[in-house]
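Examination of the molecular architecture
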Amino acid sequence: MRRFSVAIPALIIGVCLYFVLMFGREAIAIFSSPIWGLENQAFARAVYGIGRVADLGPDGLMRLAAFLGALKLAVAVVFAL
């Protein structure tokens, strides 16, 4: 039983570090890109799909991509805390 009391916090910290690194890396890639991360095919497909449903124009797609980047950065910060 003692092993579980040590293993559970270690697993939680490991999962949090994974999300901090992955979401943080993706957010930095989005914000450092001149086209807000739309060179990534999976991210671009998600942005265009959401934009098609919301009937967004080109300016709206860029704002949506920036918003999703900010959302990923916020998730990374939450998991870091």
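Everything that follows concerns the structure shown earlier in this document.
Below is a short write-up of the structure. Predicted, not measured: the structure shown is a model, and the values here were computed from it. (Residues numbered from 1 in each chain as written. Predicted model: local features only at pLDDT ≥ 70, side-chain atom pairs only at ≥ 80, totals over all residues. Heavy atoms only, no water.)

**Quick notes on the nonpolar core**
As a reminder, the rule being used: In this description, a nonpolar core means a group of buried Ala, Val, Leu, Ile, Met, Phe, Trp, Tyr and Cys residues linked to one another through side-chain atoms lying within 4.5 Å. When a residue's accessible area, from a 1.4 Å probe over protein chains only, is under 20% of the maximum for its type it is buried; when over 50% it is exposed; and in between it is partly exposed. Secondary structure counts use DSSP, requiring at least four H or I residues in a row for a helix and at least two E residues in a row for a strand, with both numbered from the N terminus. Should any heavy atoms of two residues lie within 4.5 Å, those residues are counted as being in contact.
Core analysis: the biggest nonpolar cluster contains nine residues, these being I30, L38, F43, A44, V47, L61, L64, A65 and L68. The set of elements that each furnish at least two residues to this core consists of α2 (41–54) and α3 (58–80). Per-element accounting of this core gives the leading share, four residues, to α3. Aside from chain neighbours lying at most four places away, what touches A65 is I30, W36, L38, F43 and V47.

**As for the packing of helix α1 (residues 2–32) against α3**
Threshold: Only the contacting stretch of a helix is used when fitting its axis, a line to C-alpha atoms as for every element, and angles between N-to-C directions run 0 to 180 degrees. Angles are sorted into four bins: roughly parallel if under 35 degrees, roughly antiparallel if over 145, roughly perpendicular if 65 to 115, and oblique for all others. Should the near helix be turned anticlockwise from the far one by less than a right angle, the crossing is left-handed, and should it be turned clockwise, the crossing is right-handed. Each residue is assigned to one class: nonpolar for Ala, Val, Leu, Ile, Met, Phe, Trp, Tyr, Cys and Pro, charged for Asp, Glu, Lys and Arg, and polar for all the others, Gly among them.
Interhelical geometry of α1 versus α3 gives an angle of 155° and a closest axis separation of 8 Å. Classified by the angle their axes make, α1 and α3 are roughly antiparallel. Here the hand of the crossing between α1 and α3 comes out left-handed. Contacts between α1 and α3 involve C16, F19, V20, F23, G24, E26, A27, I30 and F31 on the former and, on the latter, A65, A66, G69, A70, K72, L73, V75, A76, F79 and A80. Per-class residue counts for the contact of α1 with α3 are 15 nonpolar, two polar and two charged.

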